[in-house]
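Below are the chains, spelled out letter by letter.
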Amino acid sequence: ERLKHMTFVTLLKHFISRRYAENAHYEGDFYYPERGIGQLPEMMSARIGSENIQLNSRVTGIFHNEKRMEGIEINGDALVDSCQVVSTLPVVDFIAMMKPAPPQAILDAARALKFRNIRLAVFFIRGRGINKAATMYFPAGRYIFTRGYEPKNRSGFMSPQGMTSFVAEVPCFADDWAWRADSPAFTEKVREQVLETGLVRREDIVGCADERIAHAYPVLERDHREKMVTISGYLSGFDNLEISGRSGLFKYLWIHNLVREGRNIAGRVAVRM
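Reading the values: the criteria
Residues numbered from 1 in each chain as written. Predicted model: local features only at pLDDT ≥ 70, side-chain atom pairs only at ≥ 80, totals over all residues. Heavy atoms only, no water. Helix = DSSP H or I, 4+ residues; strand = E, 2+ residues; numbered from the N terminus. Polar contact = N/O pair within 3.5 Å; in protein donor to acceptor, adjacent residues only side chain to side chain. Pairing = 2+ DSSP bridges. Contact = heavy atoms within 4.5 Å. Axes fitted to C-alpha atoms, helices over the stretch in contact; angles between N-to-C directions. Core = buried A, V, L, I, M, F, W, Y, C linked by side-chain atoms within 4.5 Å. Buried < 20%, exposed > 50% of the residue type's maximum accessible area, 1.4 Å probe, protein only. Arc of directions from axis to C-beta. Parallel < 35°, antiparallel > 145°, perpendicular 65-115°, else oblique. Left-handed = near helix turned anticlockwise from the far one by under 90°. Phe/Tyr/Trp six-rings, centres within 6.5 Å; stacked < 30°, edge-to-face > 60°. Salt bridge = Lys/Arg side-chain N within 4 Å of Asp/Glu carboxyl O.

A. Region of the structure containing the environment of Asn 65. Mapped onto the fold, Asn 65 is located in the loop between strand 1 (59–64) and strand 2 (69–74). Sequence-wise, Asn 65 and Phe 238 are 173 residues apart; in three dimensions their C-alpha atoms are separated by 9.1 Å. In terms of polar contacts, Asn 65 uses its side chain to reach the backbone amide nitrogen of Lys 67, at 2.9 Å. Here Arg 68 takes part through its backbone nitrogen, which lies 2.7 Å from a polar atom of the side chain of Asn 65.

B. Region of interest: the sheet that holds strand 8 (residues 147–149). Strand order across the open sheet formed by five strands is 7-8-9-6-10, with antiparallel pairing between neighbours. Two strands bound the open sheet, and with one partner strand each, they are strand 7 (136–137) and strand 10 (205–218). For strand 6 (residues 115–126) and strand 10, the ladder comprises ten bridges, and the chain directions are antiparallel. Paired with Phe 123 across the two strands is Cys 208, which belongs to strand 10. Each of strand 6, strand 9 (163–172) and strand 10 is contacted by helix 7 (residues 183–197), which is oriented at about 70° to strand 6, the strand it contacts most.

C. Local environment of the sheet that holds strand 3 (residues 78–81). Pairing is mixed across the open sheet formed by four strands, whose spatial order is 3-2-1-5. Edge strands, defined here as strands with exactly one partner in the open sheet, are strand 3 and strand 5 (98–99).

D. Here's a closer look at the nonpolar core. The biggest cluster of nonpolar side chains holds 25 residues, and the ones touching the most others in it are Met 69, Phe 94, Ile 95, Met 98, Ile 231, Leu 235 and Leu 241. If you list the elements that add at least two residues to this core, you get strand 2, helix 4 (91–97), helix 5 (104–111), helix 8 (224–235) and strand 11 (241–243). When residues in this core are grouped by element, the largest group, five residues, is from helix 4. If sequence neighbours within four positions are ignored, Leu 235 has contacts with Phe 94, Ile 95, Met 98, Leu 241 and Ile 243. Counting residues in each nonpolar core, the second largest holds 20 residues, with Phe 145, Val 190, Val 194 and Leu 195 among its members.

E. Quick peek at the environment of Val 206. Note that Val 206 resides in strand 10. Taking the relative accessible area as the measure of exposure, Val 206 reaches 42% and is therefore partly exposed. Separated by 82 residues in the primary sequence, Val 206 and Phe 124 have C-alpha atoms spaced 5.6 Å apart. Residues within four places of Val 206 in sequence aside, it is in contact with Phe 124, Ile 125, Arg 126 and Met 163.

F. Up close: helix 5. Where helix 5 is concerned, the buried positions are Ile 106, Leu 107, Ala 109 and Ala 110. Buried residues of helix 5 fall within an arc of 165° about the axis and therefore sit on the same side. Exposed residues pointing more than 90 degrees away from the buried face of helix 5 are listed as Ala 105 and Arg 111. Buried residues along helix 5 sit against helix 4 and helix 8.

G. Examining the packing of helix 5 against helix 8 more closely. One can describe the packing of helix 5 onto helix 8 by two numbers: an axis separation of 9 Å at closest approach and a directional angle of 135°. One element, helix 5, and the other, helix 8, form an angle in the oblique class. Every pair of crossing elements has a handedness; the one defined by helix 5 and helix 8 is left-handed. Contact with helix 5, carried on its side by Ile 106, Ala 109 and Ala 110, involves Lys 227, Thr 230, Ile 231 and Tyr 234 of helix 8 and no other residues of that element.

H. Quick peek at the packing of aromatic side chains. Counted under the stated rule, the structure contains six aromatic pairs. The interplanar angle of 90° and the centroid separation of 6.0 Å between the aromatic rings of Phe 138 and Tyr 143 together place this pair among those described as edge-to-face. Pair check on accessibility: Phe 138 and Tyr 143 agree, each one buried. Note on Tyr 143 and Phe 145: the rings are 5.2 Å apart at their centroids and 15° apart in plane angle, and the pair reads as stacked. Phe 145 shares its class with Tyr 143; the two are buried.

I. Geometry of the pattern of salt bridges. Scanning the entire structure with this criterion turns up 14 salt bridges. When the shortest N-O distance is used, the salt bridge between Arg 201 and Asp 204 registers 2.9 Å. Its salt-bridge partner being Arg 268, residue Glu 242 comes within 3.0 Å of it at the nearest N-O pair. In this pair, Glu 242 sits in strand 11 while Arg 268 sits in helix 10 (residues 255–272), placing the two residues 26 residues apart along the sequence. By relative accessible area, Glu 242 is classed as buried at 10%. Accessibility expressed as a relative area gives 35% for Arg 268, which makes it partly exposed. Within this structure, Glu 242, Glu 261, Arg 268 and Arg 272 form a network of salt bridges that share partners.

So this is what it looks like as structure tokens:
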């Protein structure tokens with residue numbers, strides 16, 4: 001689906017015509033916020049109103065009466081009454097936090113699901129750019145990163161004049177070295193491997209940063225659908241609960257899918273209220 005424009009003809013054009021290769025994109029055209037993807041939640045927040053949003057608030061308990069969601073525990077103590085609940089929490093965590101606990105078959109199905117984390121290494125670089133690629137993939141086993149991208153290629157506002165950046169994605173589990181390592185050790189290892197690719201020169205790197213993203217990817221093992229059918233069947237029995245999001249639905253979904261689903265959920269909730 002992502003590469004629906006890749007055909008035998010487009011591949012031939014890519015290799016024959018330099019102009020085509022520089023302008024064609026196999027994923028089609030797409031829109032991107034000038035100052036990064038964070039503008040989307042920022043604009044949503046402005047529309048919703050900051051007074052209606054609680055930040056730094058970790059869900060620690062989900063209370064129900066086996067037919068309806070009754071309340072959400074925040075940060076281990078505050079309890080928020082709930083007439084409607086829409087959850088994008090990782091489904092594994094959601095099931096584990098339910099009080100009273102779901103049936104054992106539901107708990108077992110949830111515990112069997114796995115997520116893979118992502119840790120990003122970001123390098124700030126002198127120069128106008130590395131190349132024109134939207135995304136670069138690194139399947140070779142000698143690299144701990146599998147994908148990289150240059151944000152400036154999506155929007156010129158993403159780097160200062162005469163500068164660029166390179167983001168390397170390192171997939172890992174919670175007990176892997178790449179997730180547990182401190183920032184200096186992690187960025188140093190990734191930097192040395194990025195230098196091996198020849199994309200960047202050591203003297204052009206002026207700084208670095210890193211970021212952890214938990215539950216980034218559902219691990220789609222052979223029987224994951226059967227487990228989710230079991231879990232979804234149980235959760236659908238609550239008449240004031242909606243589950244969404246890549247982590248909540250345990251599906252590999254993209255932002256435009258999720259925004260559309262959010263609108264659909266808002267419509268259903270509005271009808272019920």
